Amino acid sequence: MKGMLDRIEDDSKAVILVEESGREIIVPVSQLPEGSRVHSWFTITMEEEEVVLIEVDEPLTQAKAAHAQNLMQRLKRKSGSRFKRR
C-alpha cells in the first residue's frame, strides 16, 4: 500500500496517511527509513494490521511534489479575483 508522512508528533510518532483507505497509521519515528521527511511517500508492507516494512518511494514523492507545485503555479496565474483587498 502507499502512504504519505503527514506529520511527526511529540518527536517520536510518525503519522502516515494511507492513500487507498484514507486511514492513519502511527509508527515510531525510529521505524521510518533514512531520509524520510514530511510529505515523503512510502510503500508500506503490513501483516495482520502490523507494519513490517516501510520503504521510501522517491519517484512517487517527486511526482506528487511536482503535481502540487504545478497546481500552485496555476492558481497564482489566475487573475481577476472577485474579492477586493482591504
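Whatever comes next refers back to the structure up there.
What you see as residue numbers is a count from 1 along each chain, following the sequence as written. A pLDDT threshold of at least 70 governs which residues receive local features in this predicted model, and a stricter bar of 80 or more applies before side-chain atom pairs are shown or counted, although totals over entire chains, interfaces and linings include all residues. Note: side-chain values were computed over all heavy atoms of the structure, leaving out hydrogens and water.

1. Considering the environment of Ile16
Here is step 1: Looking at the element boundaries, Ile16 is found in strand 2 (residues 13-18).
Here is step 2: Classification of Ile16 as buried rests on a relative accessible area of 1%.
Here is step 3: Here the alpha-carbon distance between Ile16 and Gly3, two residues 13 residues apart in the chain, equals 5.9 Å.
Here is step 4: Note on contacts: a residue pair qualifies if any of its non-hydrogen atoms lie within 4.5 Å across the two residues. Among residues more than four places away in sequence, those in contact with Ile16 are Gly3, Met4, Leu5, Asp6, Arg23, Glu24, Ile25, Val27, Leu32, Phe42, Ile44 and Ile54. Each helix corresponds to a stretch of at least 4 residues labelled H or I by DSSP, and each strand to a stretch of at least 2 residues labelled E; elements are numbered beginning at the N terminus. The classification of residues rests on relative accessible area computed with a 1.4 Å probe and restricted to protein chains. Under 20% of the type maximum is buried, over 50% is exposed, and intermediate values are partly exposed.

2. Overview of the sheet that holds strand 4 (residues 41-47)
Here is step 1: Here we have five strands laid out as an open sheet, ordered 3-2-1-4-5, and antiparallel in their pairing. The sheet is open, and its two borders are formed by strand 3 (24-28) and strand 5 (50-56), each paired with just one other strand. If you compare each strand with its neighbour and ignore which way they point, the axes differ by 40° on average.
Here is step 2: Pairing geometry for strand 2 and strand 3, over five bridges, is antiparallel. Residue pairing for strand 3: Lys13 is matched across the bridge by Pro28. In this scheme, strands are said to pair when DSSP sees at least two bridges between them. To get an axis, fit a line to the C-alpha atoms, keeping to the stretch in contact for a helix; angles then go from 0 to 180 degrees between the N-to-C directions.

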